[in-house]
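Take a look at the letters that make up each chain.
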Amino acid sequence: MRAIADSAAVRESPSCVGHLTAGAAAVVHGRRLDPLHTVALGRSLPSVCERGAS
């Protein structure tokens, strides 16, 4: 997910949301996040793609 956030090309691509969703699912599963942190992660995702669209 950091690689996506650090790459302007990926942030600006139409598939940004899809890549982030897949990455978030992997993080939630792999780190076994609790509901609070899962919600926080979900809320932070849109800002990654929007940053590239500005």
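Right above here is the structure, for reference.
Quick caveat: nothing in here was measured; it's all calculated off a predicted structure. (Residues numbered from 1 in each chain as written. Predicted model: local features only at pLDDT ≥ 70, side-chain atom pairs only at ≥ 80, totals over all residues. Heavy atoms only, no water.)

With 16 residues, helix α3 (residues 16–31) should cover 22 Å at 1.5 Å per step; its first-to-last C-alpha distance of 22 Å lies within 8% of that length. Regarding α3, the residues found buried are C16, L20, G23 and A24. One face of α3 carries all of its buried residues, which in axial projection span an arc of 105°. Opposite the buried face of α3, at more than 90 degrees from it, the exposed residues are A26 and H29. Among the residues trailing α3, R32 stands out with phi positive, at a value near 50°. (Helix = DSSP H or I, 4+ residues; strand = E, 2+ residues; numbered from the N terminus. Expected span 1.5 Å × (residues − 1). Buried < 20%, exposed > 50% of the residue type's maximum accessible area, 1.4 Å probe, protein only. Arc of directions from axis to C-beta.)

Turning our attention to the nonpolar core. Within the largest apolar cluster, nine residues are counted, these being I4, A5, C16, L20, A24, L41, L45, V48 and C49. Of all the secondary structure elements, the ones that give two or more residues to this core are α1 (2–6), α3 and α4 (35–53). With four residues, α4 is the largest single contributor of residues to this core. (Core = buried A, V, L, I, M, F, W, Y, C linked by side-chain atoms within 4.5 Å.)

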